[in-house]
Amino acid sequence: MTGWLGAVTSTDHKRIGLTLGVCSLFYFLLGGVFALLMRTQLAQSNMQFVSDNSYNELFTMHGSTMIYLFVTPMAIAMAIYLVPLQIGATRLSAPRLCLAGMWTWLCGGLVMQQGWFASGGAGRTGWSSYAPLSNGTNTPGVGQDLWVVGVILAAAGMLVMAACVVATVARRRAPGMSLLRMPVFTWTALVSMLMVVGAFPMLVVVMVLLYIDRHGGHIFTGFEGAIDYQDLFWFFGHPVVYVMFFPYLGAAAEAIAVNAHKRWFGYIAFVASIMAFAALSMAVWSHHMYVTGGVTNQYFAFTSTALLVPAGIEYFDMIGTLIGGSIVLRTSMLFALAFFLQFLIGGLSGIFVASPVLDYQAYGTYIIVAHFHYTLFAGSIFGFFAGVYHWFPKITGAVLRERLGKLQLLVMVVGTNMTFFPMFFLGNDGMPRRVSRYPTHPGWGTLNEIETIGAGVIALGVLTFLINVFVSLRRRVPAGDDPWLGHTLEWATTSPPPPLNFEAPLPPIRSYAPLLDLREAEMDRARRPAEVPAS
Amino acid sequence: MRGGAIPILAWGTILLVLAVGNWVWNDRVVGSGAASAAVLIIYGFGVAVWLARRREALRRGPPEPRTEPESVPQASLAAVGIGVSAGCALFGLAWAKFLLDFGIALFIVSVGRLVLELRAERASRRAARGESERA
Amino acid sequence: MQVWSPVGAIQGLIDTRTEYDHLFSIYVPIAIGVFVLIVVLVLAAVLIYRRRPPERAARWHEHNPLEGTYAVLLACVAGFLLYLTFTAEHKVDTVANQEHPSVVIRVSASKWEWAFSYPAYGFTVRSGVVGRQPLVVPAGEAVRFEITSLDVIHSFWIPALRYKHDAIPGSTQIATLVFRRGVFPGQCAEFCGLRHADMIFTAQAVSPAAFATWARSRGTAAAP
């Protein structure tokens, strides 16, 4: 099948990944518009730029769009595109299932956004949509129903796609590619997809129960019901934030290793730590429930604080990769370094709120908003851009402009920190989250105004990126197979890769950096004749 | 395929250890239940992968080269139909009955199409194997 | 097991503000220290190893004994932080609620107002969308709050006390707090619908004598 129909029904993993990625990028822009509207309202105290109901829809849809329709599916898209290439496979396992999953997700996104046209409005109870607020009595209307259905569809689609990636890693590695020779990005993608498979079913379950609850079923009633909802929701809700972290960590790690001309340091420790980190992420969820009085705070404080151990290993490995390398400060490298440094602020604030007594102040305030935006935006999205600048040539055959890229980075670093750093102070001073307006308090107006300007600066940064993509595709600078001296198998094929990924035979696979191995062997061979006297 | 089930089962085991911690310290049955369910799901996945290739799935070491001809589907209208029908049906459930009916009908048609696609793939694989045997 | 005596304790009562400040004063400097260390290491590495020719890039790529030692160190840091946290949490959640309160206030949250009842005196004050009557409390004494909700989940938060607790329908949550003298804003901290932003109250902590006078006069005014 050719043409549009062929493109839309293609079971080529590169097509599926690219379609999923482009759709996710569109939702990034949509969610960003929601954020800009929110920040306009909050620029000054007691402002009513939008109605209270609209504001509540905006923050709900901003969070839901970003989480269900951008960051998570984009991570899955990168896995679908890159994992088969990195493991030397010609195709994905169960590609039809993956394609069906993508279309289910796509429908989920559209259904969720349909709520904007409903009479009561779109989903408006927060992306976490706590019961009993989200039940039929307190938030009636088809808009909220469509939100629930949208989440169910999107979650089911992502679940299915993730399962296909895991099956691919299990079954389609090239000859020689043992598990401990898989690239760093593939490992981060694998643990992320495992978390999806393990945790997303709970999201589907709780959303189905919520739907029934909204239509006459008395499911989440009373104190136990309210806590049950949160228990089930956060059982999904915590792992998902690590799904939204690990692949971008992997992308940043690949960018750093390649741009340091040195293989990633501490591979075994890294693999062990991300396996432990991912598993631990499924044991910490009730730290979102410290203030309810309904859970064992001390147990979850223990598991949540323990997260600093694997996290520390990852930073150790990053620094170990930089030391002794030959460092080139390309845009992808700069984004990757920014990812590590900015994510650190998010991670450290996470250890802060892992302590119940500190969380009793921070929860439900702008401290939490700052924390998760530092991890997800200042962290993961910068890792995303590192991956984009690193792999764009492979996917499209053209390089992105370096100067525009560095401008984008600079603008985004300024905008991001302007927007999210003051939130720590606002939250500690008493500003709760999810408020459509705030009263006049000394300093609040100024800090909020800075944040709103920062959001505008971020928008300029994103615009710079879009311009870069447009210009780079219009006036192409051909990339060739391997513009960066890559380490892993995706660089051993054409840019973009042919339908079956590899036309020439694969290089020998003896480590997690097969192309670097080849290059080092060649360097050694080139050196040897000078050292050995001619016989 | 070699060792394919190992990372899944290994991760499931780490989850099991943490689930035990949960049973001991977490007061809530719902929470412990969720943790146990996740362990079962992951182990189930690992077992499914193991069932596909038995001994190979648990052996350590690099995979061997494959000799059998592989079929690579190029496109699948059925898959798109199944995905879209799920979306239509649930959208219809929340909003309008005609969409629900349409979704169910589309699902049935798509499953039919899927059967045809799988049959065609099996036929082409048989043909390719026949050719390689004759060659 | 009391191993740490709170600095500036208010007559031996557990003070959420002090507990928070103490933990904060340890967690935050550690966090800042870690951040600065990593930034310095990264910047140094980037500056030192920039523009070396790729042939000179090192080939070594692991050191498991070093990483293992480092992991153990991290575990010790985690253990230290956990010890501090468990101690503070035990105080705030358990010990505080075992104190004998000088006044009990029932907090009923609903969309979108707070109803503070003083059962011993027989009256209720309200704050939120309906208006702003102050929550008056005696300073320097244990005040017990019995917190519930009449509809959805709300959260009773007084930022100056560094403490909040959810108000969940179908339950009564207990929190025992101690106030210094002053006026402290309070706000709902769990999204509860359309006018969540307006669910504001003000706590006024006055001397115990002034509180008793105020409460008795409100009580007689409320009596039939």
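Cut-off values and rules
- Residues numbered from 1 in each chain as written.
- Chains lettered and ligands numbered in written order.
- Predicted model: local features only at pLDDT ≥ 70, side-chain atom pairs only at ≥ 80, totals over all residues.
- Contact = placed C-beta atoms within 7 Å.
- Helix = DSSP H or I, 4+ residues; strand = E, 2+ residues; numbered from the N terminus.
- Nonpolar A, V, L, I, M, F, W, Y, C, P; charged D, E, K, R; others polar.
- Axes fitted to C-alpha atoms, helices over the stretch in contact; angles between N-to-C directions.
- Parallel < 35°, antiparallel > 145°, perpendicular 65-115°, else oblique.
- Left-handed = near helix turned anticlockwise from the far one by under 90°.
- Pairing = 2+ DSSP bridges.
- Domains from an automatic or database assignment.
- Buried ≥ 20, exposed ≤ 12 C-beta atoms within 10 Å, placed from the backbone.

Draft legend 1. The interface of chain A and chain C, seen in detail. The partner chain C presents 70 residues to the 70 residues of chain A that form the contact. Of all elements in the fold, only helix H3 (52–86), helix H7 (222–243), helix H9 (267–281), helix H10 (297–306), helix H11 (308–322), helix H12 (331–353), helix H13 (356–362) and helix H17 (514–531) of chain A reach the threshold of two or more residues within the side of chain A that touches chain C. The dominant element in the side of chain A that touches chain C, judged by the number of residues it contributes, is H11(A), at eight residues. Among the residues forming the side of chain A that touches chain C, the class breakdown is 41 nonpolar, 22 polar and seven charged.

Draft legend 2. Inspection of the packing of H11(A) against helix H2 (residues 64–98) of chain C at higher detail. Closest axis-to-axis distance for the H11(A)/H2(C) pair is 9 Å, and the angle between their directions is 140°. Compared by their axis directions, H11(A) and H2(C) come out oblique. Crossing geometry of H11(A) relative to H2(C) is assigned as right-handed. Between H11(A) and H2(C), the contacting residues are A:Leu308, A:Val309, A:Gly312, A:Ile313 and A:Phe316 on the first element and C:Glu67, C:Tyr70, C:Ala71, C:Leu74, C:Ala75, C:Val77 and C:Ala78 on the second.

Draft legend 3. Spotlight on the sheet that holds strand E8 (residues 163–167) of chain C. Residue and element names in this part refer to chain C. Pairing within the open sheet is mixed, and its five strands lie in the order E5-E11-E10-E7-E8. The strands lining the two open edges of the sheet, one partner per strand, are strand E5 (135–138) and E8. Mean inter-strand twist for the sheet, computed between neighbouring axes without regard to direction, equals 25°. As defined by bridge partners, strand E7 (residues 154–158) adjoins strand E10 (residues 182–188) across two bridges and the pair is classed as antiparallel. Looking at the pairing, Phe156 lines up with Cys188 of E10.

Draft legend 4. Seen up close, the arrangement of the chains. Sorting the two pairs of chains in contact by contact count puts chains A and C at the top. No part of chain B reaches chain C; the closest C-alpha pair between them is 15 Å apart.

Draft legend 5. Broad picture of the domain arrangement of chain C. Residues and elements named next belong to chain C. You can read the domains of chain C as domain 1 (16–98) and domain 2 (103–222). Each of domain 1 and domain 2 has a C-alpha centre, and the two are 38 Å apart. Counting only elements with at least two residues in the side of domain 1 that touches domain 2, the list comes to helix H1 (16–48) and H2. Counting residues per element, the side of domain 1 that touches domain 2 draws most heavily on H1, at three residues. Residue composition of the side of domain 1 that touches domain 2, grouped by class: two nonpolar, two polar and one charged.

Draft legend 6. The arrangement of the pairing of E7(C) in detail. Residue and element names in this part refer to chain C. With respect to burial, E7 is a largely interior element, five of its five residues being buried. Alternating positions in E7 separate into two faces, His154, Phe156 and Ile158 on one and Ser155 and Trp157 on the other, with burial throughout. Pairing between E7 and E8: five bridges, direction antiparallel. Bridge pairing links His154 to Ala167 in E8. Taking the residues that link successive antiparallel strands as the turn, the E7-E8 hairpin has four residues, and the phi of Arg162 there is positive, at about 60°.

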